[in-house]
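What follows is the residue order along each chain.
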Amino acid sequence: MPQNEMITAVYADEDGNILDAPGMQGMGRTGRENILLKPEDLIPLPESADLMLLPDHLAVGMASDGEVMPISGLAVAAILPAGYTRLYMPAYERVEEAERLPLYGYTAVVVYKDELYCAAVYTDENEKWDPVHYNTKDLKNLVKRTKKDLPGNRIVEQVAGCSLKWHCCTAQNLFYRRWECGIPTSPVCNANCFGCISLQPAECCPSPQQRINFRPTPEEIAEVGVYHLQVAPDGIISFGQGCEGEPSLAADNIAAGIKLIRQQTDKGQINMNSNVGWTEGVKKIVDAGLDSLRVSIISAREEGYDAYYRASYHLENVKESIRYALDKGVYVSLNLLYFPGFNDREEELAAWQEFFRELPVQMIQVRNLNIDPDAFLDIMPEPQGKAVGTRKFIETLHAEFPQLVIGSFSHYVED
């Protein structure tokens, strides 16, 4: 095999330099298992991907004699842009007493054909979410313009902070006057997700966003909604952002806000991102005129669902809400929190097949779960069957449900 055809492990030295490890074959991780990567598992590292070092996690490779062993350097991960689904996580050996890793979607990185490659597949057109469109030099001035247009609106103040401090793309779209923009509404939640990105206990890993701490009025909601939908191309407003809790718990204000919006404009699409655990709240929002609903979910089995969400509701409540939305003509997609070696287990795949036979949702948005792999697996049910692999997981669902769109994020839904 030519030297540049070998898939070579990478690691980071003590100065943070990313180096290849000659003679060590590159590996990836699925569940708790480290496996050799193959060329078909790899794509060139996307230009907009970020590289991250894993503190207290040693890189792992396979030596020429077949021994799997740690490398004297830290494991390296890619953080992928929207539109890419990871196939494998980085292979590593965790140092005893290592701190829990921050909430990111870690993807295996190797050297192949003298370039950096990652273990992922392209699952959705991501032109609108390409980082080149965000964090531009004029963003601060655009924020000032919107604050001047909507003085005193607390939602604008919240998403301005999300835009400038946390670099949230959905928040920034309000100020760019385009596509999907977020309208956070709820400071509370009825779940206690293990990987919540807006609220974590102080002794845990830091959250990458700051949760909203007020309850917007219907008038504030409508003011921002009308402002965006009247001018934005492919305009969407979305309740249920990373900086808030569960929007259905603000059902009265959201429903009233939607009605005020639709009294002033019929343009654009009104969406909610929700765990849909509180069916009565979901029903109010659907009946007020919701166009689309994206449901956060990790498992179609009660055991896996309850272990992750740790909620005051259960999977049957989620199904009831989805059934109601579908019956009312709402476009329903699932925001599937994806973790290689968990979602693609045989028992999980079988449960998903049964789920879609019962509830014919229109789309799955596969999202790389932002989590420390070991911490996640410590709380989830032990596997009953083997992992079939991400590609086979997707292919199997496509084969049985050809109408099911499998992508990575919300699209503007034409009437």
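Residues numbered from 1 in each chain as written. Predicted model: local features only at pLDDT ≥ 70, side-chain atom pairs only at ≥ 80, totals over all residues. Heavy atoms only, no water.

Trainee: Before we go on, may I ask you to explain the overall build of the protein in this structure?
Mentor: What the protein contains, in helices and strands, is eleven helices and 18 strands. The C-alpha radius of gyration of the protein comes to 22 Å, within 12% of the 22 Å expected for a compact globule of 415 residues. Based on the C-alpha atoms only, the size of the protein along its principal axes is roughly 70 × 50 × 40 Å. Within the protein, the proportion of its 415 residues that are buried is 57%. Considering only intrachain contacts with a sequence separation of at least 6, the fraction spanning at least 24 residues in the protein is 76%. Surface summary for the protein: the accessible area is close to 17700 Å², and the carbon and sulfur share equals 49%. Charge centroids of the protein, computed over 37 positive and 59 negative side chains, lie 7 Å from each other. (Helix = DSSP H or I, 4+ residues; strand = E, 2+ residues; numbered from the N terminus. Rg over C-alpha atoms; globule rule 2.2 N^0.38 Å. Buried < 20%, exposed > 50% of the residue type's maximum accessible area, 1.4 Å probe, protein only. Contact = heavy atoms within 4.5 Å. Areas by Shrake-Rupley, 256 points an atom, 1.4 Å probe, with all protein chains shown as cover. Lys, Arg positive; Asp, Glu negative; His and termini not counted. Charge placed at Lys NZ, Arg CZ, Asp CG, Glu CD.)

Trainee: What is the right way to look at helix α6 (residues 279–289) in this model?
Mentor: At 3.6 residues per turn, the α-helix brings residues three or four places apart onto the same side. Every buried residue belonging to α6 is among Thr-279, Gly-281, Val-282, Ile-285, Val-286 and Ala-288, and all of these are buried. Turning to α6, the residues buried within the fold contact α5 (251–264), β14 (269–274) and α8 (315–327).

Trainee: I would appreciate a short explanation of the environment of Thr-217 in the present structure.
Mentor: Here Thr-217 shows up in the loop between β12 (180–182) and α4 (218–229). Those residues in contact with Thr-217, other than ones at most four positions away along the chain, are Arg-154 and Asn-253.

Trainee: Can you walk me through the sheet that holds β12 in this structure?
Mentor: Strand pairing in a sheet is mediated by backbone hydrogen bonds. Such pairs are either parallel or antiparallel. Taken in spatial order, the seven strands make up an open sheet running β12-β13-β14-β15-β16-β17-β18, and their pairing is parallel. Of all the strands in the sheet, just β12 and β18 (405–407) have a single pairing partner and so form its edges. Averaged over all pairs of adjacent strands, the angle between their axes in this sheet comes to 25°, without regard to strand direction. Pairing geometry for strand β13 (residues 236–239) and β14, over four bridges, is parallel. The partner of Ile-236 across the bridge, within β14, is Gln-269. Sitting on the sheet, helix α9 (residues 346–358) touches β15 (292–297), β16 (331–338) and β17 (363–368), and the angle it makes with β16 is about 170°. (Pairing = 2+ DSSP bridges. Axes fitted to C-alpha atoms, helices over the stretch in contact; angles between N-to-C directions.)

Trainee: Honestly, the pairing of β17 in this entry has me stumped. Any pointers?
Mentor: Looking along a regular strand, one sees the side chains alternate between the two faces of the sheet. Burial analysis of β17 places five of its six residues in the buried class, which makes it a mostly covered element. Bridging between β16 and β17 involves six bridges; their strand directions are parallel. Bridge assignment links Leu-336 to a residue of β17, and that residue is Val-366. For the handedness criterion, the β-α-β arrangement of β16, α9 and β17 is classed as right-handed. Bridging between β17 and β18 involves three bridges; their strand directions are parallel. Counterpart to Ile-364 in the pairing with β18 is Ile-406. (Right-handed = clockwise from strand over helix to strand, strands pointing away.)

Trainee: In this structure, what is going on with the environment of Asn-34? I would like to understand it.
Mentor: Its location among the elements puts Asn-34 in strand β3 (residues 33–36). Judged by relative accessible area, Asn-34 falls into the partly exposed class, the value being 23%. For the pair Asn-34 and Met-89, spaced 55 residues apart in sequence, the C-alpha to C-alpha distance is 8.9 Å.

Trainee: Help me out: how do you make sense of the environment of Ala-78 in this one?
Mentor: Mapped onto the fold, Ala-78 is located in strand β6 (residues 68–79). Judged by relative accessible area, Ala-78 falls into the buried class, the value being 0%. Measuring from C-alpha to C-alpha, the distance between Ala-78 and Cys-118 comes to 7.0 Å, with 40 residues separating the pair along the chain. Here Ala-78 is in contact with Leu-45, Asp-50, Leu-51, Gly-105, Tyr-106, Thr-107, Val-109 and Cys-118, once residues within four sequence places are set aside.

Trainee: Please explain the confidence of the model for the protein as it appears in this structure.
Mentor: Interpretation of the predicted coordinates at a detailed level should be avoided for regions scoring low in pLDDT. Mean pLDDT over the protein: 93, with 95% of residues reaching 70 or higher. For residues 200–208, every residue scores under 50 in pLDDT, and the model assigns this stretch 19 contacts once sequence neighbours within four places are set aside. (pLDDT = per-residue confidence, 0-100.)

Trainee: Explain the state of the cysteines to me, please; I cannot follow it from the model alone.
Mentor: Think of a disulfide as a covalent bridge from one cysteine sulfur atom to another cysteine sulfur atom. Enumeration over the complete set of coordinates arrives at zero disulfides. No disulfide involves Cys-181; its sulfur sits 10 Å from the nearest other cysteine sulfur, which is in Cys-168. The class for Cys-181 is buried, based on a relative accessible area of 0%. The structure places no disulfide on Cys-189, whose sulfur is separated from the nearest cysteine sulfur, that of Cys-193, by 5.9 Å. (Disulfide = S-S within 2.5 Å.)

Trainee: Would you mind showing me how to read the domain arrangement of the protein here?
Mentor: How big an interface is tends to be expressed through the accessible area that disappears when the partners come together. As far as domains go, the protein holds domain 1 (7–122) and domain 2 (128–407). With centres defined by C-alpha atoms, the gap from domain 1 to domain 2 works out at 29 Å. Listed per partner, the contact involves 25 residues of domain 1 and 29 residues of domain 2. Across the domain 1 to domain 2 interface the summed buried area is about 2300 Å²; carbon plus sulfur atoms make up 57%. (Domains from an automatic or database assignment. Buried area = accessible area lost by both parts, 1.4 Å probe.)

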